[in-house]
Each structure stands twice: as C-alpha cells, then as structure tokens.
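# Observations on the three-dimensional arrangement
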Amino acid sequence: MKEPALSDEEVARPAAPNTLEGTQPDGTPARGAHEPPEKDITDGGPDMVQFLDGEGRRVPVTEVSSPYAAYLDDLDDEALKGMLRDLILVRRFDAEGFALQRQGELGLWPSLLGQEAAQVGAGRAMRPQDYAFPGYREHGVAWCKGVPPENLLGMFRGVNHGGWDSGEHNFHLYTIVIGNQMLHGVGYAMGVQFDGDYATGDPERDTAVMAFTGDGGTAQGDYNEALVFAAVKNAPVVFFVQNNHWAISQPNDKQFTVPPYRRADGFGFPGVRVDGNDVIASYAVSRAALERARSGGGPTLIEAFTYRMGAHTTSDDPTKYRISAEVDIWKKKDPIDRMRKYLLAEGIVDDDWLAAVEEEADELARRIRHACQTMPDPPHEEMFTYVYAEQHRLVEREAAEFAAYQAGFEDEGER
Ligand SMILES: Cc1ncc(C[n+]2csc(CCOP(=O)(O)OP(=O)(O)O)c2C)c(N)n1
Ligand SMILES: [Mg+2]
C-alpha cells in the first residue's frame, strides 16, 4: 500500500516512534474505537505464568509457575544483564526502523514495540540448532538468532526478498501470509524426525522448531492444519502465539472465544499462557517447551499474553479503532521497565551499566541508518530471476520485453 506523501512539517518533526492518541483532537474517543474494557485487560488470569510483576518485583512461585521455576536457576547475573541489554537494543533497532520508514527510506515497518520480552525470552531459550519460523514482526527473535539487524531492512526497503541466509542462522525468512509459517515449521519439524535429529539425548544434535504467529494467526486454516499435523506426528515443534490483542483493527473477540493456550487441549498437546511482558517467564516457559520437543515429548503451544503498543505497521492508524486509555494501561506493564527495575533492585545493574547500554544503542542506531541508506538497489532485471526455480518461457519473454522497454529510455536520452 502506498503511503501518503509527508508534508514538510511531518518530515521535519523528530521521530516519535509509536506514540498513540486514542482520542480525536477535541478529546472525544476516536471514531469506531473499541469500547474501554471494564476489567483489567492486562490480567492474564490465574493460569498465566509470571515471575516478575509490572513493578519488576518477583512474585511468589505458584502451582502454575512452579514447573518452570527451575529454569531461572540457569540465569546468572550475566545472563540477566544480557536479557536486559537485548531488550533495550532491540527496542532501539525497532525505533530506527520506524523512523527510517517515516523518512522515506523504508516502504513499511512492522513495529515490535511492547513485544520485546516475549521475543527475547523465546529467542534466548533456543539453541543454535533450533529453527525459528517467524511472521514479520519477530525482530527480537532474529536478534537472538544472530541475524544482523540491518539485514532485516532489505525486504522493507524493497531491495531484496529477505536479506539473510535462513540456513546460516536457522531463522526462516519473514512470512507475510498469516499463519502460513506454522505449516512450514511443522514440515521442518517432521524433517527433523525423518533425520533422527531429536530424542537422541545429544544436546548438540537434538533439534526443535519454534513457529511464531499472532492472535489473528490462530484463526487461519493454515494454523489449525499445522497443529493437527504436529499433534498426530508428535513433531518436535513449539507454537509461540504472541497475543498482542489486535490483528490490525480486529480485537481478540473477533479471533476466538476460547483463548489460544486452552485450544491446545483440543489438538491433544499442552498449552500454556505466559506473561509476554515478563522476559524471564517467557524464557522459562520456552525452555521447558523446547526441551520437551527436542526430547521427543511432542508439541507445546505457548500463548504469550502481551500488547501491540504501536500501530500494526507504519501504514496503519490505530486511533481509528482503539482508544488511548487501553494503550495507557498497557504502558504500565512495559517489559523493559520491569526488567530494569528488577535488576536495579537486585544490584545486578547500576546507572553506569545502563548508560553504557544506551551508548551502545546509539551506536547501533547509527550503524542501522548507515546500512539502510547505503543499501544498493538491485538490478531491475533481477525481479525475473527468482519467479521460478527453473527457467520459464513466459518469464523469459517478459524479461526480454522489459529489457527492450528499458532500452527505449536509453535511446530517448541520446536524442
Ligand atoms: C492470509 C492472509 N490474510 C490476510 C492478511 C492481511 N493481514 C496482514 S497482518 C494481519 C493481522 C495479523 O494479526 P496477528 O496474527 O494478530 O499478528 P500481529 O500483526 O498482531 O502481530 C492481516 C489480516 C495476510 N497478510 N495474510
Ligand atoms: Mg495480533
């Protein structure tokens, strides 16, 4: 979709990534806005696994969270600092993506704002041999899998079809077709089974797949087919649903009547809801599910209960369908604030450490901008190269016509 041209004033305005106004200038709720919720919409209920509350305090281990608590023992101070650093750097990268789109350097940007903890927790739980199948918003998982962040920009700049070697990082190309990657993920997991690369007891060999989608994705046929296949094959796959409460303009109640984690039961494998804004909870739950998959225990569905703080993409205006009060409520549950508070209170990080990470974020932002602005445009004829794996008469004819058309401009220039 083509973005409307920006006015001079908009171009000059400093990037204010992802701020949301749910009211019209006169203070009335945006037209068609979703009704304000009566209950605390950030409360994922008694089934939700959480270790850190919104204030960054450790909450008592409950019957629901106890199966996962042992995984926290593996998180020493360095690992906890590493998680906070990831959260901060990923958010900064995302803000740059947004700003670059606003400045005309990218055609589109899907922001992960608010979902950093869900993604970093899951990404850090994966081993190098584990394979991720993302949608289009999984920049935090890409980061954890070692994909250079600048490589994520190429597709959104329109200069390539992906920009990274999925085999090198075990991180598949972004998939825009909602829910489709769940089938790819299960297919890959079945391949892992054929190769015998699971349930051997060898930690270097045993492999799991993690397939990511959103709340809207759970309503897709592909998603449901994938879950059936995974169940009957007992495939080594973890389905990671980021329930960010919106599928573009459609809220949860347009996607399901039974929440995703509970629907797993009907497919025949466990489902767990985790606080997606609690990075250590997301990590612990993901570790458990991945280990189950690698050891032959079969699939798990994780529903990360979180919130999309920004617009769906830079082409979207959420003030048309949701109110700012809802966003304000979720702001108090910010995943970075809570981890920062926790680590400060524990004396694991201090202000100097945080300042150093901010500097690192500035440097990352500079690097990203430079990489984006200097990305070479591909040769025009390349658009015909990857249509089919093999040569095709129709594509060849179109390529020849296109070349002749382009050559026409050269002649014109000579006249
Ligand atoms: C098969 C298909 N149908 C429709 C779309 C248009 N579309 C793009 S994003 C989106 C909503 C997805 O919502 P969700 O799964 O909750 O993921 P989120 O964007 O919130 O991360 C839709 C309907 C699409 N890309 N693919
Ligand atoms: Mg969603």
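Above this text is the structure in question.
These remarks concern the structure in this document. This structure is a prediction, so every number in the text was calculated from the model and none was measured. (Residues numbered from 1 in each chain as written. Chains lettered and ligands numbered in written order. Predicted model: local features only at pLDDT ≥ 70, side-chain atom pairs only at ≥ 80, totals over all residues.)

This part is about the overall build of the protein. When helices and strands are counted, the protein shows 15 helices and seven strands. Per-residue burial over the protein gives 43% buried out of 415 residues. A separation threshold of at least 6 residues defines the contact pool for the protein, and within that pool the share at least 24 residues apart is 77%. (Helix = DSSP H or I, 4+ residues; strand = E, 2+ residues; numbered from the N terminus. Buried ≥ 20, exposed ≤ 12 C-beta atoms within 10 Å, placed from the backbone. Contact = placed C-beta atoms within 7 Å.)

Near ligand 1 you find 15 residues, and of these Ile178, Gly214, Gly216, Gly217 and Ala247 are the closest. Taken together, the residues that form the shell around ligand 1 break down as six nonpolar, six polar and three charged. (Near = placed C-beta within 6 Å. Nonpolar A, V, L, I, M, F, W, Y, C, P; charged D, E, K, R; others polar.)

With that settled, the discussion passes to the environment of Leu112. Of note, Leu112 is situated in the loop between helix H3 (77-102) and helix H4 (116-125). Sequence separation of Leu112 and Met309 is 197 residues, and the distance between their C-alpha atoms is 8.0 Å. When residues no more than four places from it in sequence are discounted, the contact partners of Leu112 are Asp94, Gln119, Arg137, His139 and Gly140.

To continue, consider the pairing of strand E7 (residues 300-305). Two faces make up the sheet, and in a regular strand the side chains alternate between them. Counted residue by residue, E7 has six buried out of six residues, so it is predominantly covered. Alternating positions in E7 separate into two faces, Thr300, Ile302 and Ala304 on one and Leu301, Glu303 and Phe305 on the other, with burial throughout. As defined by bridge partners, strand E3 (residues 237-243) adjoins E7 across six bridges and the pair is classed as parallel. Counterpart to Phe240 in the pairing with E7 is Ile302. Pairing between strand E6 (residues 271-275) and E7: five bridges, direction parallel. The partner of Arg273 across the bridge, within E7, is Glu303. Regarding the hand of the β-α-β motif, the stretch spanning E6, helix H11 (residues 279-294) and E7 is right-handed. (Pairing = 2+ DSSP bridges. Right-handed = clockwise from strand over helix to strand, strands pointing away.)

On to the sheet that holds E6. As a general point, the strands of a sheet are linked pairwise by backbone hydrogen bonds and lie either parallel or antiparallel. Taking strand neighbours across the sheet as the criterion, the five strands line up as E1-E2-E3-E7-E6 in an open arrangement whose pairing is parallel. Each edge of the open sheet is held by one strand with a lone partner, namely strand E1 (131-133) and E6. Taking each pair of neighbouring strands and ignoring which way they run, the sheet shows an average axis angle of 20 degrees. Where strand E2 (residues 209-214) and E3 come together, six bridges link them in parallel fashion. Each residue of the ladder has a partner; that of Ala211, found in E3, is Phe239. The sheet contacts of helix H8 (residues 180-195) involve E1, E2 and E3, and relative to E2 the element is tilted by about 170 degrees. Packed on one face of the sheet, helix H10 (residues 260-267) meets E3, E6 and E7 and runs near 165 degrees to E6. (Axes fitted to C-alpha atoms, helices over the stretch in contact; angles between N-to-C directions.)

Let's shift gears to H3. Helix length check: H3, at 26 residues, gives a terminal C-alpha distance of 38 Å against a target of 38 Å (1.5 Å per residue), a fit within 8%. Positioned one or two residues after H3, Gly104 has a phi angle of 80 degrees, which is positive. (Expected span 1.5 Å × (residues − 1).)

The next point concerns the nonpolar core. With 88 residues, the main nonpolar core has Met210, Val237 and Ile302 as its most contacted residues. In terms of residues, this core owes the most to one element, H3, which gives 11 residues. Beyond its immediate stretch of four places on either side in the chain, Met210 contacts Ala122, Met126, Asp130, Ala132, Val238, Phe240 and Leu290. Of all hydrophobic cores here, the second largest spans six residues; its members include Leu112, Leu113, Tyr307 and Met309. (Core = buried A, V, L, I, M, F, W, Y, C linked by C-beta atoms within 7 Å.)

On to the environment of Phe267, then. With respect to the helices and strands, Phe267 occurs in helix H10. For Phe267, a count of 19 C-beta atoms within 10 Å translates into the label partly exposed. Linking Phe267 and Leu227, residues 40 residues apart in sequence, is a C-alpha distance of 6.7 Å. Non-local contacts of Phe267, meaning those with residues more than four positions away in its chain, are made with Leu227, Val228 and Ala231.

At their nearest, the axes of H3 and helix H13 (residues 335-345) sit 10 Å apart, and the two run at 150 degrees to each other. By the angle between their directions, the pair H3 and H13 is classed as roughly antiparallel. In this structure, H3 meets H13 at a crossing whose hand is left-handed. Mapping the contact onto sequence places Leu80, Lys81, Met83, Leu84, Leu87, Ile88 and Arg91 in H3 and Pro335, Ile336, Met339, Arg340 and Leu343 in H13. Looking at the contact of H3 with H13 residue by residue, the class counts come to nine nonpolar, no polar and three charged. (Parallel < 35°, antiparallel > 145°, perpendicular 65-115°, else oblique. Left-handed = near helix turned anticlockwise from the far one by under 90°.)

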